[in-house]
Amino acid sequence: MRGGQSLAEELESCLAEWSHRTGIAVETWALPAADVPSRVRGGVMTALRETLSNVERHSRAKTVSIAVTVGGQGLRMTVSDDGIGFLEPGQGSGIARMRAAFAEAGGTLSVNSVLGQGTTVTGVVPRQR
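Residues numbered from 1 in each chain as written. Predicted model: local features only at pLDDT ≥ 70, side-chain atom pairs only at ≥ 80, totals over all residues. Heavy atoms only, no water.

1. Remarks on the layout of surface pockets
Part 1 of the reasoning: Looking at the second largest pocket, its volume works out to about 150 Å³.
Part 2 of the reasoning: The set of elements that each furnish at least two residues to the lining of the second largest pocket consists of β2 (63–71), β3 (74–81) and β5 (118–126).
Part 3 of the reasoning: Of the residues contributing to the lining of the second largest pocket, the split by class is 7 nonpolar, 3 polar and 2 charged. (1 Å grid on protein atoms, 1.4 Å probe; cavity = no way out; pocket = protein on both sides within 12 Å on 5 of 7 lines; lining within 4 Å. Points joined across faces, edges and corners; volume = space filled by probe spheres on them. Helix = DSSP H or I, 4+ residues; strand = E, 2+ residues; numbered from the N terminus. Nonpolar A, V, L, I, M, F, W, Y, C, P; charged D, E, K, R; others polar.)

Here's what the structure looks like:
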């Protein structure tokens, strides 16, 4: 835990601050009941902040939906927006930073977008055996 906060609490405060600052609504579908190792937590928070930054700068979204779950298979983060989407991801550093953050945590991250319909970022960190 960072500063006494669980991952769920850290996510909630990050999302609330971002939504308040940007005026973009956040729908929280799920937050983790269990905490995770610090390297996984760091990867999730880094990727989430970068995702939200991209939404704010590029998507023209009105709503962002997020689900972060921790279960027997590991951790899964899904962030979707209702923005303008794009045909091909740019070669900017944002997506590379998000992928690197999940890779450092032992996971993978994918970005799927449909022009005119929004973007979904999904990150998965398998449970360490």
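More follows now that the structure is in view.
2. With respect to helix α2 (residues 38–59)
Part 1 of the reasoning: For α2, with 22 residues, the first-to-last C-alpha span of 30 Å sits near the 32 Å given by 1.5 Å per residue.
Part 2 of the reasoning: Of the residues flanking the end of α2, it is arginine 60, one or two places downstream, whose phi is positive at about 60 degrees. (Expected span 1.5 Å × (residues − 1).)

3. Focus on the packing of α2 against helix α3 (residues 93–104)
Part 1 of the reasoning: Two elements in contact, α2 and α3, have axes separated by 8 Å at closest approach and are oriented at 165 degrees. Relative to α3, the element α2 lies roughly antiparallel. In this structure, α2 meets α3 at a crossing whose hand is left-handed. Contact residues: α2 offers Arg39, Gly43, Val44, Thr46, Ala47, Glu50, Thr51 and Asn54, while α3 offers Gly94, Ile95, Arg97, Met98, Ala101, Phe102 and Glu104.
Part 2 of the reasoning: The class makeup of the residues in the contact of α2 with α3 is 6 nonpolar, 5 polar and 4 charged. (Axes fitted to C-alpha atoms, helices over the stretch in contact; angles between N-to-C directions. Parallel < 35°, antiparallel > 145°, perpendicular 65-115°, else oblique. Left-handed = near helix turned anticlockwise from the far one by under 90°. Contact = heavy atoms within 4.5 Å.)

4. Thoughts on the nonpolar core
Part 1 of the reasoning: If you look at the biggest cluster of nonpolar residues, it comprises 30 residues, and the most contacted ones within it are Val44, Leu48, Leu75, Met77, Phe102 and Leu109.
Part 2 of the reasoning: Elements with a minimum of two residues in this core: α1 (7–22), α2, β2, β3, α3, β4 (108–114) and β5.
Part 3 of the reasoning: Ranked by the residues each element gives to this core, the list is headed by α2, at 7 residues.
Part 4 of the reasoning: Each residue touching leucine 75, except ones within four places of it in the same chain, is listed here: Leu7, Val36, Val40, Val44, Val68, Thr69, Val70, Phe102, Gly123, Val124 and Val125. (Core = buried A, V, L, I, M, F, W, Y, C linked by side-chain atoms within 4.5 Å. Buried < 20%, exposed > 50% of the residue type's maximum accessible area, 1.4 Å probe, protein only.)

5. A look at the pairing of β4
Part 1 of the reasoning: Sheet topology note: the β4/β5 ladder contains 7 bridges and is antiparallel. Bridge pairing in β5 links valine 111 to valine 121.
Part 2 of the reasoning: Hairpin connection from β4 to β5: 3 residues lie between these consecutive antiparallel strands, with glycine 116 at a positive phi of about 80 degrees. (Pairing = 2+ DSSP bridges.)

6. Structural notes on the environment of arginine 97
Part 1 of the reasoning: Among the structural elements, arginine 97 can be located in helix α3.
Part 2 of the reasoning: Judged by its relative accessible area of 41%, arginine 97 falls in the partly exposed class.
Part 3 of the reasoning: Here the alpha-carbon distance between arginine 97 and glycine 74, two residues 23 residues apart in the chain, equals 21 Å.

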